[in-house]
Amino acid sequence: MTASPSADSARPAPAALRERAHAALTAARARTALLTDAVSDRDLVAQHSPLMSPLVWDLAHIGNQEELWLLRNVAGHDSLHPEIDPLYDAFQHPRADRPKLPLLGPAEARRYTAEVRGRVFDLLERTALEGSALLDDGFAFGMIAQHEQQHDETMLITHQLRRGEPVLTAPEPDPPQGPPPAAAEVLVPGGPFTMGTSAEPWSLDNERPAHTREVGAFLIDTAPVTNSAYQAFIADGGYTDERWWAPEGWDQIHRHGIGAPLFWHREAGQWLRRRFGVTEPVPADEPVLHVSWYEADAYARWAGRRLPTEAEWEKAARHDPATGRSTRYPWGDEDPTPDRANLGQRHLRPAPAGSYPAGASPLGVRQLIGDVWEWTASDFLPYPGFRAFPYREYSEVFFGPEHKVLRGGSFAVDPVACRGTFRNWDLPVRRQIFSGFRTARDA
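Residues numbered from 1 in each chain as written. Predicted model: local features only at pLDDT ≥ 70, side-chain atom pairs only at ≥ 80, totals over all residues. Heavy atoms only, no water.

As recorded in an unreviewed UniProt entry, the protein goes by Hercynine oxygenase and comes from Streptomyces vinaceus. We quote the UniProt Catalytic activity (unreviewed entry) comment for the protein here in full: "gamma-L-glutamyl-L-cysteine + hercynine + O2 = gamma-L-glutamyl-hercynylcysteine S-oxide + H2O". Looking at the protein in UniProt, the text filed under Cofactor (unreviewed entry) is "Fe(2+)". (UniProt positions renumbered as here; feature names shortened; annotations may be inferred.)

**Q** Would you explain the UniProt feature "domain: DinB-like" (unreviewed entry) in the protein in this entry?
**A** Those places that UniProt annotates as "domain: DinB-like" (unreviewed entry) correspond, in this numbering, to residues 24–155. Annotation note: span residues 24–155, helix share 58%, strand share 0%, distance between end C-alpha atoms 18 Å. (Helix = DSSP H or I, 4+ residues; strand = E, 2+ residues; numbered from the N terminus.)

**Q** Explain the domain arrangement of the protein to me, please; I cannot follow it from the model alone.
**A** Interfaces are often sized by the accessible area lost when the parts come together. Considered domain by domain, the protein is made up of domain 1 (14–161) and domain 2 (171–442). The C-alpha centroid of domain 2 is placed 27 Å from the C-alpha centroid of domain 1. Each partner contributes residues to the interface: domain 1 has 27 residues there, and domain 2 has 32 residues. When domain 1 packs against domain 2, close to 2,600 Å² is buried across both sides, 65% of that on carbon and sulfur atoms. Sorting the residues of domain 1 by area buried against domain 2 places Phe139, Gln146 and Gln160 first, and these three jointly supply 26% of that buried surface. (Domains from an automatic or database assignment. Contact = heavy atoms within 4.5 Å. Buried area = accessible area lost by both parts, 1.4 Å probe.)

**Q** Teacher, can you tell me more about helix α1 (residues 14–37) here?
**A** Helical geometry note: an α-helix holds 3.6 residues per turn, so side chains three or four residues apart project in the same direction. The end-to-end C-alpha distance of α1, which contains 24 residues, comes to 34 Å, matching closely the 34 Å that a straight helix rising 1.5 Å per residue would cover. Among the residues of α1, Leu17, Arg18, Ala21, Ala24, Leu25, Ala28, Arg29, Arg31, Thr32, Leu35 and Thr36 are the ones counted as buried. Lining the buried residues of α1 we find α2 (41–45), α3 (55–74), α4 (106–126) and α5 (139–161). (Expected span 1.5 Å × (residues − 1). Buried < 20%, exposed > 50% of the residue type's maximum accessible area, 1.4 Å probe, protein only.)

**Q** What should I look at first to understand unusual backbone geometry in this one?
**A** Peptide bonds are trans in most cases, and residues, glycine excluded, mostly fall at negative phi. A cis amide bond links arginine 208 with the next residue in sequence, proline 209, at an omega value of -10°. You can see proline 209 is positioned in the loop between β2 (191–195) and β3 (211–215). At alanine 268, a residue that is not glycine, the phi angle is positive and equals roughly 50°. Mapped onto the elements, alanine 268 comes out in the loop between β5 (264–267) and β6 (270–275). Given the relative accessible area of 83%, alanine 268 is considered exposed.

**Q** Looking at this structure, how should I read the pattern of salt bridges?
**A** A pair can form between side chains of opposite charge whenever their charged atoms are brought close. Counted according to the given criterion, the structure contains 39 salt bridges. For arginine 117, the salt bridge goes to glutamate 66, with nearest N and O atoms at 2.7 Å. Of the two residues, arginine 117 sits in helix α4 while glutamate 66 sits in helix α3, which places them 51 residues apart along the sequence. In this structure, arginine 117 and glutamate 66 share a single accessibility class: buried. (Salt bridge = Lys/Arg side-chain N within 4 Å of Asp/Glu carboxyl O.)

**Q** Just to check I follow, could you spell out the sheet that holds strand β12 (residues 440–442) for this structure?
**A** Two pairing modes exist for strands in a sheet, parallel and antiparallel, and in both the strands are linked by backbone hydrogen bonds. Pairing is antiparallel in the open sheet, where 3 strands are placed in the order β1-β4-β12. Where the open sheet ends on each side, the last strands, each with one partner, are β1 (185–188) and β12. For this sheet the average axis-to-axis angle between neighbouring strands, irrespective of direction, equals 25°. Inspection of the sheet shows β1 paired to strand β4 (residues 218–221) by 4 bridges, in the antiparallel sense. Paired with valine 186 across the two strands is isoleucine 220, which belongs to β4. (Pairing = 2+ DSSP bridges. Axes fitted to C-alpha atoms, helices over the stretch in contact; angles between N-to-C directions.)

**Q** What's the story with the UniProt feature "domain: Sulfatase-modifying factor enzyme-like" (unreviewed entry) in the protein in this structure? I'm lost.
**A** UniProt annotation of "domain: Sulfatase-modifying factor enzyme-like" (unreviewed entry) refers to residues 183–441 when read in the numbering used here. Here residues 183–441 runs as 15% helix and 22% strand, with 15 Å between its end C-alpha atoms.

**Q** Is there a simple way to explain the pairing of β5 in this structure?
**A** Remark: a regular strand shows side chains that alternate across the two faces of the sheet. Strand direction decides the pairing type here: β5 and β6, joined by 4 bridges, are antiparallel. Looking at β6, one finds that histidine 265 is bridged to leucine 272. Where β5 folds back onto β6 in an antiparallel hairpin, the turn is made up of 2 residues, including alanine 268, whose phi is positive at roughly 50°.

**Q** Help me understand the packing of α3 against α5 in this model?
**A** Relative orientation and spacing of two packed helices are given, respectively, by the angle between their axes and the distance between those axes. Their axes nearest at 10 Å, the elements α3 and α5 cross at an angle of 175°. It follows from the interaxial angle that α3 and α5 lie roughly antiparallel. Contacts between α3 and α5 involve Leu55, Trp57, Asp58, His61, Ile62, Gln65, Glu66, Trp69, Leu70 and Val74 from the former and Ala140, Phe141, Met143, Ile144, His147, Glu148, His151, Asp152, Thr154, Met155, Thr158 and His159 from the latter. (Parallel < 35°, antiparallel > 145°, perpendicular 65-115°, else oblique.)

**Q** Honestly, the nonpolar core in this entry has me stumped. Any pointers?
**A** As a rule of thumb, nonpolar side chains are buried together in soluble globular proteins. With 114 residues, the main nonpolar core has Phe141, Leu156, Tyr230, Trp245 and Phe437 as its most contacted residues. Structurally, this core is a two-domain feature, drawing no fewer than three residues from each of domain 1 (14–161) and domain 2 (171–442). Not counting chain neighbours up to four residues away, the residues in contact with leucine 156 comprise Arg31, Leu35, Leu168, Phe276, Gln345, Leu348, Phe411, Ala412 and Phe434. (Core = buried A, V, L, I, M, F, W, Y, C linked by side-chain atoms within 4.5 Å.)

**Q** I keep staring at the side chain of serine 361 and nothing clicks. Help me out?
**A** Relative to the elements of secondary structure, serine 361 occurs in the loop between α9 (310–318) and β8 (373–380). If near-sequence neighbours (up to four positions away) are discounted, serine 361 is found in contact with Ala316, Pro330 and Leu368.

Shown next, in the form of structure tokens:
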């Protein structure tokens, strides 16, 4: 059943769209430069983990996708360097194999991406942002800005996996402002709500279309699960009690000797973690980070709760019971601001649980946007009426029970690629991503 997405934003005028696209592309490129200029050429071409590409692959891939969709598909130009296209096709070469490819070197990759960007800015100034699905509302430019920011998050993950001296810095999050949450959980009333979007101009295919979902009443944590709460699970033998684990998860932790979140270790009676090259005590009040879906699910079972479904998560994040509307974000329809959410690599860690009261939902749920990606109970599946656009490989090929949905974004996600309808997905074993969770229970 399709519903009218009445809360979606009004579409801006062409001049405003150009300004927005230019700003989004510029911000993405500045972040890419920060992440790639922070390390030596040797680090750029190294593979810091078989789970990740060399940073120089991500850099050239960003330029290659920009050329493909904007200069070739939108402008109709011939390929600048057709011989490199197969090297940067993510579906042709697994990450573990990419260091063996004849990749562009750091200087060549930088020249290539700069050349593409110069031509793209010329194209943006002279192209009417209407007349085709790729051009309407500047979608193709927004898609490329989101793509670059998604790879910037991937490169930040590579920085976290990298061994060596710290090279990235950022200010610490502010202490929580205002009173703490009034309760540990809130009741979300049952009933229908509008899930997804049909009118958000830069939304991606898996967020579409808007449709009505019926969700029973449930209770959900006011804030993400903290490190201290997760330590209680560990101390109670959570990793040694098969009762809490899905069979595949139990097998995973035993085969790999897992007994704590990734990057944690115990020393002299306390938990320490490695964070972007710095070893530090695990902060008790931060949302737990770098846990797999299996770990999140096991904790929820141990706590007598469960992970929220994707529909429950989105209803908690977008539905306003007083008006019946689904808003763009928990706080309303306005774009994210620093007092509402921890986004954009502004900090290199989550803020303490309970932060950002200005970003709370109408029911008082906090930190639904930013800080940590939140695992949900749901498989990654298409919405009713889904249509792949502009290519199947963005979403459609990943649909099925192999991938679990994460929602809400993290401190590593830029606002251009984070909204109340945005859907992320990954394999349930993944731990290197900036993933946490919150729990729920039936009312």
